[in-house]
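Structure assessment
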Amino acid sequence: MLDSASLRIAVRRDPQTVEDLRSTTVSDDPVQRRDLILLERAKGGDLDAFNDLVACYQDHLYALVVRMVPDRDQASDAVQEAFFSAYRNMGGFRGGSVRSWLSRIVVNAAMDAQRAKKRRPVQPYPELDDESWQPPAGADADPISTALTVERTGALNAALAAITPDQRTAIVLFDVEGYDYAEIAGMTGVSLGTVKSRIHRGRLALRSLLEDRMELFRG
Amino acid sequence: MADHRPTPPIGPLAAAHERHDLLLVAAWASDDLDGAARTAADELVGGCSGCADLAADLRALARATHDLPPADRPRDFFLAPADAERLRPRGLRRLLAAFAAPRAPIRPLATGLTTLGVAGLLLAALPGILPFGGAASMPALEPIGQSFETDRSEATNRDVEGFADGSAAPAAASPGDALFASPAPTVGSDTANVPPAATPDAPTATAATNAGSAPGDESARLRDAADTGPSALAIWSAIALAAGVALFAIRRLAVRGR
């Protein structure tokens, strides 16, 4: 998919060509320029161009959603639904960062999935015992260090899954994804103070849940 | 992971840790405070070992959350051509998709039109149910031209009765009456013997005469109204009903086609 002709054209650093291809402001960032070109082509009916965008961002977006929606099947569905929504609403893209636009859509899809899960509760987070959740160890990794990392990751994931969805969303967006308070407020549709409060309360809740295992995190 | 916790002195504040504002400590650990709040938090963290431990733990948790390894993606999320066609339809399908959109105001519009249509048809078709005599008795709801005809026939009727009594030529009650009044007959002529059927307005005049001479004969009046065809209310109600039902049908078709 990434070998497609549209992507090869998209990553070409040719300002004149870029200006001809799209209507939005030319970006100096090559990644942003590539994204805008792909999006413009996708708007013109080029499905391969849109799938190139999917290829670029599906890892990032899945990693984001799976922290917010600990059920991996639901997380997959949310990401797929987000890409459907992005394709359906391409015309509504008003410029700026395509990555942020997609992140916003996927965060909304993840919040919808969390609300749906709240309405139809299933067995809570069985995937946390799934070994595939753990990071793969390198060939030269220290077994003790690897075991510690696995245990820490498992404990933290379990605690994240246990706090409220709003707190989890705010913490994931802030600590994992690195968005600032204002961006999170824009994505989740709440005030800046609410975002801060959710992050602080969420961290306190995590600490309370992990009180007996804090030695894993202290060093 | 290095432990950067401070080692605060044990003092009177430490004993009261349970009552301390932990949210303030959490905000302090995130460097979100300034001014008086920061000073207060500094005092808490500096004077209470519990608060200092809490702040250090919160920072450690934030670091650990940041370092969480990415989860493996179970599958690709590429769109198939069928998905693309479904999500961004073209031509007639696009039009239908607009009807099926959740935010499209088709359903309330269809409901409103259907309700108006049914209500209007009921008003027009069942006048006897209503205590005031129904829509047929309301001048405003009569078809255009019907009240005009009634005025004209009543004027004619007055003329006929006036001449039958042998009174003078009737004066027009209004300019409209004057316009529609029958041509003035010569005095002394036997106008009263002229049969109603001889005038062009005979049927209407007969009905008006019947209504005037027999106040309870509502059925005759209704029969006469029915002879003039459906009222404007009935026509517009039928149109509204048909439009509402058509919108429902199109929306259903569009939703099925999604």
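Rules and cut-offs
Residues numbered from 1 in each chain as written. Chains lettered and ligands numbered in written order. Predicted model: local features only at pLDDT ≥ 70, side-chain atom pairs only at ≥ 80, totals over all residues. Helix = DSSP H or I, 4+ residues; strand = E, 2+ residues; numbered from the N terminus. Buried ≥ 20, exposed ≤ 12 C-beta atoms within 10 Å, placed from the backbone. Contact = placed C-beta atoms within 7 Å. pLDDT = per-residue confidence, 0-100. Expected span 1.5 Å × (residues − 1). Arc of directions from axis to C-beta. Nonpolar A, V, L, I, M, F, W, Y, C, P; charged D, E, K, R; others polar. Axes fitted to C-alpha atoms, helices over the stretch in contact; angles between N-to-C directions. Parallel < 35°, antiparallel > 145°, perpendicular 65-115°, else oblique. Core = buried A, V, L, I, M, F, W, Y, C linked by C-beta atoms within 7 Å.

Quick word on the overall build of chain A
Within chain A one finds eleven helices and zero strands. Counted from the first residue to the last, chain A has its helices and strands arranged as α-α-α-α-α-α-α-α-α-α-α. Looking at the 219 residues of chain A, the share that counts as buried comes to 38%. By sequence separation, contacts in chain A at least 24 residues apart represent 64% of the contacts at least 6 residues apart.

Observations regarding the overall build of chain B
A count of helices and strands for chain B gives twelve helices and zero strands. Listed by position from the N terminus, the elements making up chain B come as α-α-α-α-α-α-α-α-α-α-α-α. Within chain B, buried positions represent 20% of all 258 residues. Of the contacts formed within chain B by residues at least 6 apart in sequence, a portion of 70% connects residues at least 24 apart.

Some points on the confidence of the model for chain B
Atom-level detail of predicted coordinates should not be read off regions where pLDDT is low. All names here are of chain B. A residue-level look at chain B finds 51% of positions with pLDDT of 70 or above and a mean pLDDT of 69. Scored below 50 in pLDDT, residues 139-145 makes eleven contacts in the model with residues more than four places away or belonging to other chains. Considering only residues more than four positions removed or in separate chains, one finds that residues 166-213, a stretch of pLDDT under 50, has 50 contacts. Both scores are given for the predicted complex: the pTM is 0.57, the ipTM 0.75.

A few points about helix 7 (residues 106-125) of chain B
Residue and element names in this part refer to chain B. The end-to-end C-alpha distance of helix 7 is 28 Å, a good match for the 28 Å that 20 residues give at a rise of 1.5 Å each. Along helix 7, the residues that are buried comprise Ala110, Leu113, Gly117, Gly120, Leu123 and Ala124. Take helix 7 and look down its axis: the buried residues cluster within an arc of 165°, on one side only. Elements that come into contact with the buried residues of helix 7 comprise helix 12 (232-256).

Considering the interface of chain A and chain B
With 39 residues of chain A at the interface, the matching set in chain B holds 35 residues. Breaking the side of chain A that touches chain B down by element, the ones donating at least two residues are helix 4 (47-68), helix 5 (72-88), helix 7 (143-162), helix 8 (165-176), helix 10 (192-209) and helix 11 (215-218) of chain A. Tallying contributions element by element places helix 4 of chain A first for the side of chain A that touches chain B, with nine residues. Split by residue class, the side of chain A that touches chain B holds 21 nonpolar, eight polar and ten charged.

Here we look at the environment of A:Ser208
Inspection of the secondary structure assignment puts A:Ser208 in helix 10. The spacing of A:Ser208 and A:Ala159 is 49 residues in sequence and 9.3 Å in space, taken between C-alpha atoms.

Digging into unusual backbone geometry
Residue and element names in this part refer to chain B. A positive phi angle, close to 60°, is found at aspartate 31, a residue other than glycine. As for its position among the elements, aspartate 31 is in the loop between helix 2 (22-29) and helix 3 (35-47). When the 9 C-beta atoms within 10 Å are taken as the criterion, aspartate 31 is described as exposed.

Re the packing of helix 9 (residues 181-188) of chain A against helix 10 of chain A
Residues and elements named next belong to chain A. Relative to each other, helix 9 and helix 10 sit at 105°, their axes nearing to 8 Å. On the basis of the axis angle, helix 9 is roughly perpendicular to helix 10. Along its contact with helix 9, which presents Tyr181, Ala182, Ile184 and Ala185, the element helix 10 presents Leu192, Val195 and Lys196. Taken together, the residues of the contact of helix 9 with helix 10 break down into six nonpolar, no polar and one charged.

Considering helix 5 of chain A
Given a rise of 1.5 Å per residue, 17 residues ought to cover 24 Å, and the 24 Å separating the end C-alpha atoms of helix 5 of chain A matches this to within 8%. Taken together, the buried positions of helix 5 of chain A are A:Arg72, A:Gln74, A:Ala75, A:Ala78, A:Val79, A:Gln80, A:Ala82, A:Phe83, A:Ala86 and A:Tyr87.

Some words on the nonpolar core
Of all hydrophobic cores here, the largest spans 48 residues; its most connected members are A:Val65, A:Ala78, A:Val79, A:Val106 and A:Ala110. For this core, the elements supplying multiple residues, two or more each, are helix 3 (30-43), helix 4, helix 5, helix 6 (98-119), helix 8, helix 9 and helix 10 of chain A. In terms of residue count, the dominant contributor to this core is helix 4 of chain A (13 residues). Setting aside anything within four residues of it in sequence, one finds A:Val106 in contact with A:Leu61, A:Leu64, A:Val65, A:Ala78, A:Val79 and A:Ala82. Counting 27 residues, the second-largest nonpolar core is a separate cluster that includes A:Leu156, A:Leu160, A:Phe217 and B:Ala55.

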